[in-house]
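An overview of the molecular structure
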Amino acid sequence: MDTNWLVGANGLYQGAPQKEWQAIGACSFTVNGIVQTDSGLTVGSDTGVWEIANGSERWVQLHD
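Residues numbered from 1 in each chain as written. Predicted model: local features only at pLDDT ≥ 70, side-chain atom pairs only at ≥ 80, totals over all residues. Heavy atoms only, no water.

1. Section: the sheet that holds strand β7 (residues 60-63)
Overall, antiparallel pairing links the four strands, which are arranged β4-β5-β6-β7 in an open sheet. Strands at the two margins of the open sheet, each flanked by one partner only, are β4 (31-37) and β7. This sheet shows a mean twist of 25 degrees between the axes of neighbouring strands, independent of strand direction. Pairing geometry for strand β6 (residues 48-53) and β7, over three bridges, is antiparallel. Looking across to β7, one finds that V49 is bridged to H63. (Pairing = 2+ DSSP bridges. Helix = DSSP H or I, 4+ residues; strand = E, 2+ residues; numbered from the N terminus. Axes fitted to C-alpha atoms, helices over the stretch in contact; angles between N-to-C directions.)

Here is the structure:
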């Protein structure tokens, strides 16, 4: 399976079943929801709502 998945559990990870998984971001937090759009990702976590634009290396907190 070539499709990349996003999984949230003690952080946000990208990968595919039976392949290598990579942590996205340097923080470990509980992810409650993930929305992927054409422009990036929005994540609801136990520390608020965060967004990252495609090509960016920095998460922006939208709400706590």
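Moving on from the model shown.
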